Amino acid sequence: MAVDIVIYHNPECGTSRNTLAMIRNAGIEPHVVEYLKTPPARALLVELIDRAGMTPRDLLREKGTPYAELGLGDTSLPDDALVDAMMAHPILINRPLVVSPLGVKLCRPSEAVLDLLPSDQLGAFAKEDGEQVVDASGQRVA
């Protein structure tokens with residue numbers, strides 16, 4: 001059975017790479033959207049935020065972005081202004097955002113993706129830093 005999973009991915013991000021690898025470790029080849037090259041349309045971004053049960057502020061990335069320069073820490077800014085900023089500067093969209101038949105989630109930490117996968121891991125998985133996330137039998141390490 002084919003499973004439709006989409007990951008909004010930044011290949012420069014270790015968390016995003018680990019998340020993508022865990023999806024593949026479940027035997028699933030997702031649709032990979034490098035959102036810095038191909039950002040989602042505004043309506044889709046708003047829909048993803050809503051489906052994830054988040055607010056635009058929850059999805060804003062501060063580190064390595066123009067967050068401070070744009071004054072986005074101002075809590076009086078309306079959601080539309082935050083979405084506008086993410087559209088103008090896609091680097092402000094935190095990642096990886098994963099869409100699956102089981103929901104939409106910002107997968108930070110990367111093992112949060114395991115809750116979105118309809119199939120088990122096929123084997124052991126360790127993050128790039130060596131942290132074991134899944135054991136040899138495909139079960140999440142507590």
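Computed from a predicted model, the values in this text were never measured in an experiment. (Residues numbered from 1 in each chain as written. Predicted model: local features only at pLDDT ≥ 70, side-chain atom pairs only at ≥ 80, totals over all residues. Heavy atoms only, no water.)

Trainee: Would you mind showing me how to read the packing of helix α2 (residues 42-51) against helix α4 (residues 79-88) here?
Mentor: Any two packed helices are characterised by how steeply their axes cross, that is the angle between the axes, and by the distance between the axes. Two elements in contact, α2 and α4, have axes whose closest approach is 11 Å; the angle formed by their N-to-C orientations is 120°. Overall, the two elements α2 and α4 adopt an arrangement that is oblique. For the pair α2 and α4, the crossing hand works out as right-handed. Two secondary-structure elements touch here, α2 through Arg42, Leu45, Val46 and Ile49 and α4 through Asp80, Val83, Asp84, Met86 and Met87. Taken together, the residues of the contact of α2 with α4 break down into six nonpolar, no polar and three charged. (Axes fitted to C-alpha atoms, helices over the stretch in contact; angles between N-to-C directions. Helix = DSSP H or I, 4+ residues; strand = E, 2+ residues; numbered from the N terminus. Parallel < 35°, antiparallel > 145°, perpendicular 65-115°, else oblique. Left-handed = near helix turned anticlockwise from the far one by under 90°. Contact = heavy atoms within 4.5 Å. Nonpolar A, V, L, I, M, F, W, Y, C, P; charged D, E, K, R; others polar.)

Trainee: What's the story with unusual backbone geometry in this structure? I'm lost.
Mentor: Trans peptide bonds make up most of the peptide bonds, and negative phi angles are found at most residues other than glycine. Geometrically, the link from arginine 95 to proline 96 is a cis peptide bond, its omega value of -5° lying close to zero. One can find proline 96 in the loop between α4 and β3 (97-100). In this model, arginine 108 is joined to proline 109 through a cis peptide bond whose omega is 5°.

Trainee: Can you walk me through α4 in this structure?
Mentor: For an α-helix, 3.6 residues make a turn, and residues three or four places apart therefore share a direction. All of the buried residues along α4 are Leu82, Val83, Ala85 and Met86. All buried residues of α4 lie within an arc of 155° about the axis, which places them on one face of the element. In α4, those exposed residues whose orientation departs by more than 90 degrees from the buried face are Asp80 and Ala88. Tucked into the core, α4 has its buried residues touching α2 and α3 (56-59). (Buried < 20%, exposed > 50% of the residue type's maximum accessible area, 1.4 Å probe, protein only. Arc of directions from axis to C-beta.)

Trainee: Could you clarify how one ought to interpret the pairing of strand β1 (residues 6-9) in this entry?
Mentor: Within a regular strand, the side chains alternate between the two sheet faces. Where burial is concerned, the two faces of β1 agree: the one with Val6 and Tyr8 and the one with Ile7 and His9 are both buried. Pairing of β1 with strand β2 (residues 31-34), which is carried by four bridges, proceeds in the parallel orientation. If you follow histidine 9 over to β2, its bridge partner there is glutamate 34. Read from β1 through helix α1 (residues 14-25) to β2, the crossover connection turns out right-handed. Alignment of β1 against β3, held across three bridges, turns out to be antiparallel. The partner of isoleucine 7 across the bridge, within β3, is valine 98. (Pairing = 2+ DSSP bridges. Right-handed = clockwise from strand over helix to strand, strands pointing away.)

Trainee: Please explain the side chain of serine 16 as it appears in this structure.
Mentor: Of note, serine 16 is situated in helix α1. Among all residues touching serine 16, those that are not within four sequence positions of it are Ile7, Tyr8, His9, Asn10, Arg95 and Pro96.

Trainee: Is there a simple way to think about the pattern of salt bridges in this case?
Mentor: Two side chains of opposite charge can pair, provided their charged atoms sit close to one another. Applying the stated criterion to the full structure yields nine salt bridges. A salt bridge links arginine 24 to glutamate 29, with the shortest nitrogen-to-oxygen separation between them at 2.9 Å. One salt bridge connects arginine 42 with aspartate 84, and the closest N-O pair in it is separated by 2.6 Å. Within this pair, whereas arginine 42 is found in helix α2, its partner aspartate 84 is found in helix α4, the two being separated by 42 residues in sequence. The exposure class of arginine 42 is partly exposed, given its relative accessible area of 30%. The class of aspartate 84 is partly exposed, set by a relative accessible area of 41%. Overlapping salt bridges, with partners in common, bring together Lys105, Asp115 and Arg140 in one network. (Salt bridge = Lys/Arg side-chain N within 4 Å of Asp/Glu carboxyl O.)

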